[in-house]
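An overview of the molecular structure
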Amino acid sequence: MKKSKFLLILTLLAVFAAGCSTTSKSGSGEEATGEKQDQKLEITIARAFDVNGLDPGFLTENAQVVDNIFDTLVKRDAEEKLVPGLATSWSQIDDTTWQFKLREGVTFTNGEAFNADAVKYSLDRVLDPANNAPTASYVSTIQEVNIVDEYTVNVVTKKPDPLVPTRFNRYPTEIVPPKYAEEVGQEQFAQKPIGTGPYQFVSWDKGSNVVLEANPNYWGGEPDVKKVTFRSIPEASTRVSALLNGEVDLITAVSPEDREKIESSSTARLSTVERAGNTVYVGFKTDVKPFDDPKVRQALNYAIDVKSIVDKVLQGAAVQTNSLIGPKDFGYAGEPEGYSYDPEKAKQLLAEAGYPNGFSATLDTVSWYIKNTDVAQVIAEQLKAVGVNIKVNNVESSVYRTLVPAGKQSDMYVLGWSSTNTLDADAAIYAILRSGESYSTYANKDVDAKLDEARSVTDEAKRKQLYQEIQDEVLKDAPRIFLYQENQYYGVSDRLKWDGRVDGSIPVSTISAGNE
């Protein structure tokens, strides 16, 4: 018995020791987890410019920041396919009516409920002509939004519009909280936004940075990155230095000369997305002399050696194009044959238009595009060779954002445009070619009619044909100097897993920790 009792005691002691050991390991695990939680993934993204406002209904810049604060009814997945967002499903119930079933149980980060009222309010404020929303053209096919019940809305269009689901994938259809937006007003809302997105607004130090933190109650699950700071660093070389010394984790708009620095780095890599950037062009106010004459506009196209600019100035960071529609967009029909570099032809056309000795003009530029100041100077030099004297006027970003949509820029100006999230020709060209639109300085009744028709045709072959006809006519009419479409270059720290997207967005919720 004594031996049995002794063995029993030893067994109990062994079990107790094992239990202690297990508890100790569990405790260590909890401590490790705690340490991991203490080391929450916080990142800094450096861009070339600050935001001008954070209201998705009234943006005058890309939506890289606000896309993380707000949600749309429809989203795009990693393969750029349309998938449910704040809407769980959608269907076309007649020629001009689309019905969206909304996600239940979602709240804005201030506790306000997301529902059909919020959807209707968000669209109505953009569609209201009195608000003069600069992005209204994206949703101007919509006649009204009707509430069916708390979680169902009908979107009624003026004519059939096959792109309604696509339109609800991007700003200005991001959903805002009606009560809060009304309480604070449009100006204050743009400075302290509230959304349902994966991140919530923390602060905006104008000219410096915007800080967002993960939304712990996000309906799609809390993201890996717990805090993100979007910094404004205008100088390309400074952005690269900040990346390589670990000051920031991701940078946009890597300049051509800096690509090699990142590619050869042991701490960062270059993420390249070909032809995912803006299509950059020189626009004309075509109702102002001498740009009201197509011969003058054609002459200036012949005067520019675009290939040389792409090869030597941009060092291959863009692709020469005469199309305003990119290859990623529906409606792209390949590269049309455009204007060759022919200075003598340019002089001939100028003489025929009544300007044998040329003329003088101002070209407005802004630092949004790759080496844009250098490009503008080369354009000025090449135009001088045919007798056209150009003064290059570099405009500060925040000023340019207000000048262009108001039509207050110079008679010649640089602008870049793309379809962004829609990946459709409608978004790529409607706002910059349709007369009366905020970003258009061109008027052509035939082009207007075809742009409008292409919005309402459900037959894809017919839409493609219309966009082909529009491009052919616009190329001939030359309401701008056709230049190039930029590639997108990002510098990404090795501590992150992320690559650039075709739509140009930076959804921070898709970023995760890499292998350091």
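Before reading further, recall that the structure is shown in the block above.
This next bit is on the sheet that holds strand 17 (residues 412-417). Read from one edge of the open sheet, 6 strands run 14-18-13-17-15-16, paired in mixed fashion. With one partner strand each, in any of the chains shown, strand 14 (318-320) and strand 16 (389-394) form the two edges of the open sheet. When strand polarity is set aside, the average angle formed by the axes of neighbouring strands in this sheet is 30°. The sheet contact formed by strand 13 (residues 279-284) and strand 18 (residues 480-486) spans 5 bridges and is antiparallel. Within strand 18, the residue paired with valine 280 across the bridge is tyrosine 484. Seen against the sheet, helix 8 (residues 306-313) touches strand 14 and strand 18 and runs at an angle of roughly 35° to strand 18. In the packing of helix 10 (residues 372-384) onto the sheet, the strands contacted are strand 13, strand 15 (360-365), strand 16, strand 17 and strand 18, and the crossing angle to strand 16 comes to about 170°.

Turning to helix 4 (residues 178-189), a few remarks are in order. Its 12 residues place the ends of helix 4 only 11 Å apart at the C-alpha level, less than the 16 Å of an ideal helix rising 1.5 Å per residue. Residues of helix 4 that are buried include every one of Pro178, Tyr180, Ala181 and Phe189, and no others. The buried residues of helix 4 occupy an angular sector of 95° when the element is viewed end-on, so they sit on one face. Of the residues in helix 4, the exposed ones pointing more than 90 degrees away from the buried face are Glu182, Glu183 and Glu187.

With that settled, consider the packing of aromatic side chains. By the definition in use, this model includes 15 aromatic pairs. Geometrically, the ring pair formed by tyrosine 180 and phenylalanine 189 is tilted, given 5.7 Å between the ring centres and 55° between the ring planes. A relative accessible area of 15% means that tyrosine 180 is categorised as buried. Look at tryptophan 417 and tyrosine 439: their rings are 4.8 Å apart centre to centre, the planes differ by 50°, and that puts the pair in the tilted class.

Here the focus is the sheet that holds strand 6 (residues 142-149). Reading across the sheet, the 4 strands line up as 4-5-7-6 and stay open at both edges, with antiparallel pairing between neighbours. Unpaired on one side and paired on the other, strand 4 (87-94) and strand 6 mark the two borders of the sheet. Each neighbouring strand pair of the sheet contributes to a mean axis angle of 20°, computed without reference to strand direction. Sheet topology places strand 4 next to strand 5 (residues 97-102); 6 bridges connect them, and they run antiparallel. Across the sheet, residue tryptophan 90 finds its bridge partner in strand 5, namely phenylalanine 100. Contacting strand 5, strand 6 and strand 7 (152-157), helix 2 (residues 116-127) runs over the sheet at an angle of about 165° to strand 6.

Within the secondary structure layout, threonine 97 lies in strand 5. Leave out the neighbours within four places in its chain, and threonine 97 touches Ser91, Gln92, Asn154, Val155 and Val156.

Going through the model one piece at a time under the given rule, you end up with 28 salt bridges. Linking arginine 269 and aspartate 499 is a salt bridge whose minimum nitrogen-to-oxygen distance equals 2.9 Å. Of the two residues, arginine 269 sits in strand 12 (residues 268-273) while aspartate 499 sits in the loop between strand 20 (496-497) and strand 21 (512-513), which places them 230 residues apart along the sequence. On the basis of relative accessible area, aspartate 499 is assigned to the partly exposed category, the value being 46%. Linking arginine 275 and glutamate 335 is a salt bridge whose minimum nitrogen-to-oxygen distance equals 3.0 Å. Remark: glutamate 335 occurs in the loop between strand 14 and helix 9 (343-352) and arginine 275 occurs in the loop between strand 12 and strand 13; sequence separation between them is 60 residues. Since its relative accessible area comes to 38%, glutamate 335 is described here as partly exposed. The network of salt bridges with common partners includes Asp161, Arg167, Asp426 and Arg455.

On to the environment of leucine 483. Along the chain, leucine 483 falls in strand 18. Judged by relative accessible area, leucine 483 falls into the buried class, the value being 2%. Between the alpha carbons of leucine 483 and glycine 416 there is a distance of 10.0 Å; along the sequence they are 67 residues apart. Residues contacting leucine 483, with those up to four places away along its chain left out, are Val280, Tyr281, Val282, Ile304, Val306, Gln320, Thr321 and Ile379.

Attention now moves to the nonpolar core. By size, the foremost hydrophobic cluster in this structure holds 152 residues, and its most contacted members are Leu73, Phe100, Leu102, Phe114, Met412 and Tyr484. Not counting chain neighbours up to four residues away, the residues in contact with phenylalanine 114 comprise Leu73, Leu86, Leu102, Arg103, Val106, Thr107, Phe108, Val119, Tyr151, Ile175 and Thr196.

Procedures and definitions
- Residues numbered from 1 in each chain as written.
- Predicted model: local features only at pLDDT ≥ 70, side-chain atom pairs only at ≥ 80, totals over all residues.
- Heavy atoms only, no water.
- Pairing = 2+ DSSP bridges.
- Helix = DSSP H or I, 4+ residues; strand = E, 2+ residues; numbered from the N terminus.
- Axes fitted to C-alpha atoms, helices over the stretch in contact; angles between N-to-C directions.
- Contact = heavy atoms within 4.5 Å.
- Expected span 1.5 Å × (residues − 1).
- Buried < 20%, exposed > 50% of the residue type's maximum accessible area, 1.4 Å probe, protein only.
- Arc of directions from axis to C-beta.
- Phe/Tyr/Trp six-rings, centres within 6.5 Å; stacked < 30°, edge-to-face > 60°.
- Salt bridge = Lys/Arg side-chain N within 4 Å of Asp/Glu carboxyl O.
- Core = buried A, V, L, I, M, F, W, Y, C linked by side-chain atoms within 4.5 Å.

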